[in-house]
Amino acid sequence: MTTSLGAANTAIAKDPKFQIQRFHGLKSSQSLLLSKRIHMFSVSSSKSSIIRAVSTPVKPDTSSVAKRSKVEILKEQSNFIRYPLNEELLTDAPNINEAATQMIKFHGSYQQYNRDERGSRSYSFMLRTKNPCGKVSNKLYLAMDELADQFGIGTLRLTTRQTFQLHGVLKKNLKTVMSTIIGSMGSTLGACGDLNRNVLAPAAPLARKDYLFAQETADNIAALLTPQSGFYYDMWVDGERIMSAEPPEVVKARNDNSHGTNFPDSPEPIYGTQFLPRKFKIAVTVPTDNSVDILTNDIGVVVVSDDDGEPQGFNIYVGGGMGRTHRLETTFPRLAEPLGYVPKEDILYVVKAIVVTQRENGRRDDRKFSRMKYLISSWGIEKFRTVVEQYYGKKFEPFRKLPEWEFKSYLGWHEQGDGGLFCGLHVDNGRIRGTMKKTLREIIEKYNLNVRLTPNQNIILCDIRRAWRRPITTSLAQAGLLHPRYVDPLNLTAMACPAFPLCPLAITEAERGIPDILKRVRAVFEKVGLKYNESVVIRITGCPNGCARPYMAELGFVGDGPNSYQIWLGGTPNQTSLARCFMNKVKLQDLEKVLEPLFYYWRRKRQSKESFGAFTTRMGFKKLEELVDKWEGPLEPSSRYYLKLFADKETYEAMDELARLQNKNAYQLAMEVIRNFVASQQNGKSE
């Protein structure tokens with residue numbers, strides 16, 4: 001697969017400053033032979049020395065000391081992610097030191113402070129759960145809901161990787177909160193840090209062979225790559241491991257060292273003492289279903305079935321990733337590209353081989369370049385495939401042809417296929433709070449429902465009996481959780497990261513700013529004559545790290561200064577194209593100066609059914625810049641458009657006057673009144 005960044009990737013591959021340094025672990029005799037075979041594919045470096053990921057101390061090579069990032073040294077000294085966190089948690093201070101801050105990430109937590117407050121810092125911790133496929137049991141949901149009220153800030157945050165984030169936990173309460181999550185059959189282990197993060201899969205609880213197989217595969221991959229050294233349970237539940245039994249195929253794949261993948265006799269057979277160079281993200285899905293943003297992951301796994309619907313194997317993508325650094329063009333977002341096809345019984349071995357290739361060869365000297373996408377960009381996909389095949393022990397088969405991808409939200413009511421129903425609920429920016437939070441708890445508790453979290457920050461209520469649909473619909477509507485047809489289409493696909501006030505990396509607003517930005521975009525739509533049911537995918541992040549995946553959006557806002565954003569254009573509704581940076585340093589108050597001409601000419605000059613992202617790509621940025629520079633306003637008056645909704649001008653003017661009091665326009669207020677009225681009349685009736 002080619003991307004708009006292909007030329008940049010090629011240039012970086014040829015630049016000696018960005019050649020990937022080799023990384024060797026403690027090897028078995030078989031692995032030493034393998035290293036010799038692989039050496040012919042390694043990047044030349046006459047004086048580079050090695051960094052060892054070892055289970056026992058190795059005497060350093062004093063003739064040449066390789067440069068390592070500070071985090072690599074801290075990991076090596078941590079006794080498998082224990083020290084100095086174990087000591088720092090015992091102090092009376094409200095915070096922990098820098099070394100412990102790095103270690104607690106592996107346990108699923110970040111230290112934060114409220115950046116809105118001036119003076120002394122008020123420290124707290126954000127906890128992130130790990131929920132493969134977004135699966136959340138009834139018991140875990142109720143526990144998280146209660147923990148948010150008792151120890152957090154009273155809200156739950158649904159993430160873009162199908163997990164919860166719990167903000168505002170004080171250091172003195174960490175062990176209580178962690179142990180409660182573990183005791184409720186949940187986990188935060190590996191939700192952050194330099195290891196495999198939460199494994200995505202379609203959240204829909206469909207009783208279909210391919211969906212069930214994708215979800216089972218995601219569960220098995222998550223288990224395969226879960227740390228084994230016990231540091232998590234030692235820290236939070238005094239060493240008591242509360243775990244369900246692992247499938248035998250997972251244990252077998254983890255322990256297999258026939259191709260030199262493992263550290264013999266190590267508490268961490270796959271990770272060693274150093275774990276991975278950086279975070280590692282995996283998603284599993286089925287053909288057509290791109291609810292998981294498959295191409296943004298380090299590894300994308302796609303179920304391939306035969307004509308009878310029986311899963312036979314997997315297509316594998318590699319090398320996706322969103323993060324970048326402002327004003328450093330050698331960092332970039334990247335789409336994953338096809339690696340090959342493997343039979344279904346080999347999937348765990350292939351995933352392990354890819355992870356080990358990154359472990360052994362990913363850069364550990366500069367964390368800005370440590371993701372696997374930079375390794376593949378430097379090596380090229382052919383060399384990467386060859387090295388992975390050494391650890392896999394087989395050749396990849398040709399990539400199987402796939403149909404077009406579609407974004408699927410699973411909002412609203414759907415048949416599960418097993419007699420039950422599920423209901424997908426839109427949650428603005430994934431923030432569950434107030435009446436919504438209270439109502440969701442009541443429904444989930446009363447009907448003993450399990451839930452699923454989606455990669456688009458929404459929630460699905462599962463296994464609903466038909467008789468429960470009407471009372472559940474009524475309760476949801478009363479709490480403002482409306483059927484998606486009554487939610488602004490712009491909101492349905494929009495995402496934002498939390499940013500201020502708690503994220504230490506935020507440059508400007510995202511979650512707190514997106515409601516107003518979406519209202520302003522809607523107002524621009526109305527001004528230039530776009531219909532209400534038309535939409536674009538909008539994503540906003542407060543910094544360039546890309547947690548809300550803005551580089552896949554049709555219209556992405558990336559914070560690059562106080563109240564200032566880069567504007568990215570060119571993503572597609574089905575999440576298969578990278579956006580590109582259109583403008584820098586656009587002030588918040590000036591957004592309309594850019595958006596009005598873009599949306600106006602999209603309406604006027606688009607081809608049949610052409611999305612906004614596809615339009616901006618076809619037009620080209622040079623032409624779009626000219627249109628923005630020359631913009632003096634739409635040629636057609638917009639009042640005719642408003643009068644389509646109103647019976648007479650007087651009604652419109654009265655509504656407009658009321659709307660201004662709420663910082664809205666007449667159309668927005670009228671649509672809000674109509675949607676609320678229709679929702680109140682539904683009262684659980686079948687739709």
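Residue positions are given per chain, counting from 1 as you read along its sequence in written order. Restriction of local features to residues with pLDDT of at least 70 applies here, the model being predicted, together with a cutoff of 80 or more for giving and counting side-chain atom pairs; totals for whole chains, interfaces and linings are based on all residues. The basis for every side-chain value is the complete set of non-hydrogen atoms in the structure, without hydrogens or water.

This is how it is decided: UniProt positions are given in the numbering used here, feature names are shortened, and annotations may be inferred rather than shown by experiment.
The protein appears in an unreviewed UniProt entry as assimilatory sulfite reductase (ferredoxin) from Davidia involucrata. Checking UniProt for the protein, the heading Sequence similarities (unreviewed entry) contains the comment "Belongs to the nitrite and sulfite reductase 4Fe-4S domain family."

1. Side note on the confidence of the model for the protein
Going by this rule: One confidence number per residue, pLDDT, is output by the predictor and ranges from 0 to 100. Note on definitions: a residue-residue contact is assigned when non-hydrogen atoms from the two residues lie within 4.5 Å.
The pLDDT averaged across the protein works out to 89; a share of 87% of its residues lies at or above 70. Low pLDDT, under 50, characterises residues 1-60; the predicted model gives this stretch 120 contacts beyond four residues in sequence or across chains. Low confidence marks residues 638-643, where pLDDT is under 50. Its contacts with residues over four positions away, or in another chain, come to 14 contacts.

2. Some points on the sheet that holds strand β19 (residues 555-561)
So the rule is basically this: Strands are labelled as partners when DSSP assigns at least two bridges between them. Runs of E in the DSSP output that reach at least two residues are strands. Runs of H or I that reach at least four are helices, and both are numbered from the N terminus. Orientation is described by lines fitted to C-alpha atoms, with helices fitted over the stretch in contact, and by angles between N-to-C directions that extend from 0 to 180 degrees.
Read across the open sheet, the 5 strands follow the order β17-β18-β19-β20-β21; overall the sheet is mixed. The sheet is open, and its two edges are formed by β17 (495-496) and β21 (580-587), each paired on a single side. Bridge count between β19 and strand β20 (residues 564-569): 6 bridges; the pairing is antiparallel. Across the sheet, residue G556 finds its bridge partner in β20, namely W568. Helix α20 (residues 621-629) rests against β20 and β21 of the sheet, and its axis sits at about 25° to β21.

3. A closer look at the pattern of salt bridges
Working definition: two side chains of opposite charge can pair if their charged atoms are close together. Defined as follows: Here, a salt bridge means any Lys or Arg side-chain nitrogen found within 4 Å of an Asp or Glu carboxyl oxygen. Three exposure classes are used, based on accessible area relative to the maximum for each residue type with a 1.4 Å probe and protein chains only: buried under 20%, partly exposed in between, and exposed over 50%.
Scanning the entire structure with this criterion turns up 40 salt bridges. Note that R359 and E360 form a salt bridge whose closest N and O atoms lie 2.9 Å from each other. Taking the relative accessible area as the measure of exposure, E360 reaches 0% and is therefore buried. With its nearest N and O atoms 2.9 Å apart, the salt bridge here joins E397 to R400. The partly exposed category is assigned to E397, whose relative accessible area is 33%. A residue is classified by how much of its surface remains accessible, and R400, at 30% relative accessible area, is partly exposed. Salt bridges sharing partners connect three or more residues here, namely E72, K75, D194, R364 and R367.

4. What about the sheet that holds strand β6 (residues 156-158)?
With antiparallel pairing, 5 strands are arranged side by side in an open sheet as β3-β4-β7-β6-β14. At either margin of the open sheet sits one strand with a lone partner, and together these are β3 (109-113) and β14 (431-432). Here strand β4 (residues 123-128) pairs with strand β7 (residues 164-169) via 3 bridges, running antiparallel. Bridged to R128 within β7 is Q165. Lying over the sheet, helix α7 (residues 174-183) contacts β3, β4 and β7, oriented at roughly 10° with respect to β4.

5. A word on the side chain of E88
Short version of the rule: When charges are tallied, Lys and Arg are placed among the positive residues and Asp and Glu among the negative ones, while His and the ends of the chain are skipped.
Within the secondary structure layout, E88 lies in helix α4 (residues 85-88). As a buried residue without a salt bridge, E88 has its nearest oppositely charged side chain in K171, at a separation of 5.3 Å. E88 has contacts with N95, I96, N97, A100 and K171, leaving out every residue within four places of it along the chain.

6. Describing the packing of aromatic side chains
The condition that has to hold: The aromatic pairing rule takes the rings of Phe, Tyr and Trp, using the six-membered ring of Trp, and pairs them if the centres are within 6.5 Å, calling planes under 30 degrees apart stacked, those over 60 edge-to-face and the rest tilted.
Tallying each qualifying case throughout the model produces 25 aromatic pairs. Residues Y113 and Y123 carry aromatic rings whose centres are separated by 6.1 Å and whose planes lie at 65° to one another, so their mutual orientation is edge-to-face. Taken together, the positions of Y113 in strand β3 and Y123 in strand β4 put the pair 10 residues apart, joining distant regions of the chain. Summarising the aromatic geometry, the rings of Y271 and F275 are spaced 5.1 Å apart at their centres and angled 20° between planes, so their arrangement reads as stacked. Of the residues examined, F275 reaches a relative accessible area of 0% and is grouped as buried.

7. As for helix α10 (residues 248-255)
Test applied: Comment: arc refers to directions from the helix axis out to C-beta atoms.
Listing the buried residues of α10 in full gives V250, A253 and R254. Taken end-on, α10 shows its buried residues confined to a sector of 100°, consistent with a single buried face. Along α10, the residues that are exposed and aim more than 90 degrees away from the buried face are P248, K252 and N255. On its buried face, α10 is in contact with α8 (209-224) and α11 (347-361).

8. Some remarks on the side chain of N131
The cut-off we apply is this: Here a polar contact is recorded for every N or O atom pair within 3.5 Å, except that within protein the pair must consist of a potential hydrogen donor and a potential acceptor, and residues adjacent in sequence are included only if both atoms are side-chain atoms.
With respect to the helices and strands, the residue N131 is situated in the loop between β4 and β5 (135-136). For N131, a relative accessible area of 2% corresponds to the buried category. Within the structure, the side chain of N131 is placed 2.5 Å from the side chain of T129, a separation counted as a polar contact. In this structure, N131 is in contact with V136, L140, Q162, T163, F164 and N198, ignoring residues within four places of it in sequence.

9. Here's the deal with unusual backbone geometry
What you tend to see is this: most non-glycine residues have negative phi, and most peptide bonds are trans. Following Y83, the chain continues into P84 via a peptide bond in cis, with omega recorded as -5°. By secondary structure assignment, the location of P84 is in the loop between α3 (70-76) and α4. At the junction of F500 and P501, the peptide bond is cis and its omega measures out at 10° in the coordinates. For P501, the location among the structural elements is in the loop between β17 and α17 (514-528). Even without a glycine there, the phi angle at Q457 is positive, about 70°. Note on placement: Q457 falls in the loop between β15 (451-453) and β16 (459-464). You can call Q457 buried: its relative accessible area is 1%. Residue K585 is not a glycine yet carries a positive backbone phi of 50°. Among the structural elements, K585 can be located in strand β21.

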